[in-house]
Amino acid sequence: MKLTTRGHYSVKAMLDLSLQPHLAPVKLIAQRQNLPAPYLEKLLIQLRRAGLVESVRGSRGGYRLAKAPSQISLGQILDAVGEPITPLELAAPEKAEDWVTLTLWRRLQEKLRETLYKISLEELYYDARSWQAAQGEDTNFMV
């Protein structure tokens, strides 16, 4: 499965927010993650509508996670922004042996979806940190 820009940016923003104990303005998230702020704002609105982030308006406003990172799954993030979780559109088979292939792909898609809903934002955060440590990088966080 390959993520679109929308999915990739959404996961980056959510990982960034998982590090912030306070409200994070869109501009700062965009700067830290090297993302276009107007596009990021649209994604954060979708994530807010899905109940994954909270927003506060005003000069001291911004975004924060609406739940603990352990309670937010990768599947929820991707669904919230309309990222397709099924990698293939499957046509109805014409021959019996095509049914076997179709059944295999449907099962794989089901397992992929289940797995995306089992991977928490907290796990992604620790995986990224482990990789950074293995590379000898310091503690600043870039996905």
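Residues numbered from 1 in each chain as written. Predicted model: local features only at pLDDT ≥ 70, side-chain atom pairs only at ≥ 80, totals over all residues. Heavy atoms only, no water.

S.K.: Mind showing me how you'd approach helix 6 (residues 121-134) here?
M.R.: In an α-helix, one turn spans 3.6 residues, which is why side chains three or four residues apart end up on the same side. In this model helix 6 runs 20 Å from its N-terminal to its C-terminal C-alpha over 14 residues, within 8% of the 20 Å that 1.5 Å per residue would give. Those residues of helix 6 that fall on the buried side of the exposure criterion are Leu 121, Leu 124, Tyr 125 and Gln 132. All buried residues of helix 6 project into a common sector of 100° when viewed along the axis, lining one side. Residues of helix 6 that are exposed and point over 90 degrees away from its buried face: Asp 127, Ala 133 and Ala 134. (Helix = DSSP H or I, 4+ residues; strand = E, 2+ residues; numbered from the N terminus. Expected span 1.5 Å × (residues − 1). Buried < 20%, exposed > 50% of the residue type's maximum accessible area, 1.4 Å probe, protein only. Arc of directions from axis to C-beta.)

S.K.: Explain the nonpolar core here, please?
M.R.: Proteins that are soluble and globular tend to have nonpolar side chains buried together. Formed by 30 residues in total, the largest nonpolar core has its most connected members in Met 14, Leu 17, Leu 40, Leu 44, Leu 47 and Ile 77. Breaking this core down by element, the ones donating at least two residues are helix 1 (5-18), helix 2 (26-33), helix 3 (37-49), strand 2 (62-65), helix 4 (74-80) and helix 6. Examining the composition of this core, we find that 6 residues originate from one element, helix 1, more than from any other. Non-local contacts of Leu 44, meaning those with residues more than four positions away in its chain, are made with Leu 17, Val 26, Ile 29, Val 53 and Tyr 63. (Core = buried A, V, L, I, M, F, W, Y, C linked by side-chain atoms within 4.5 Å. Contact = heavy atoms within 4.5 Å.)

S.K.: Please explain the pairing of strand 1 (residues 53-56) as it appears in this structure.
M.R.: For a regular strand, side-chain orientation follows a simple rule: the groups alternate between the two sheet faces. The pairing of strand 1 with strand 2 spans 4 bridges and is antiparallel. Bridge pairing links Ser 55 to Tyr 63 in strand 2. (Pairing = 2+ DSSP bridges.)

S.K.: Please clarify how the side chain of Asp 16 should be interpreted in this entry.
M.R.: Mapped onto the secondary structure, Asp 16 falls in helix 1. Separated by 2.6 Å, the side chains of Asp 16 and Arg 32 make a polar contact. (Polar contact = N/O pair within 3.5 Å; in protein donor to acceptor, adjacent residues only side chain to side chain.)

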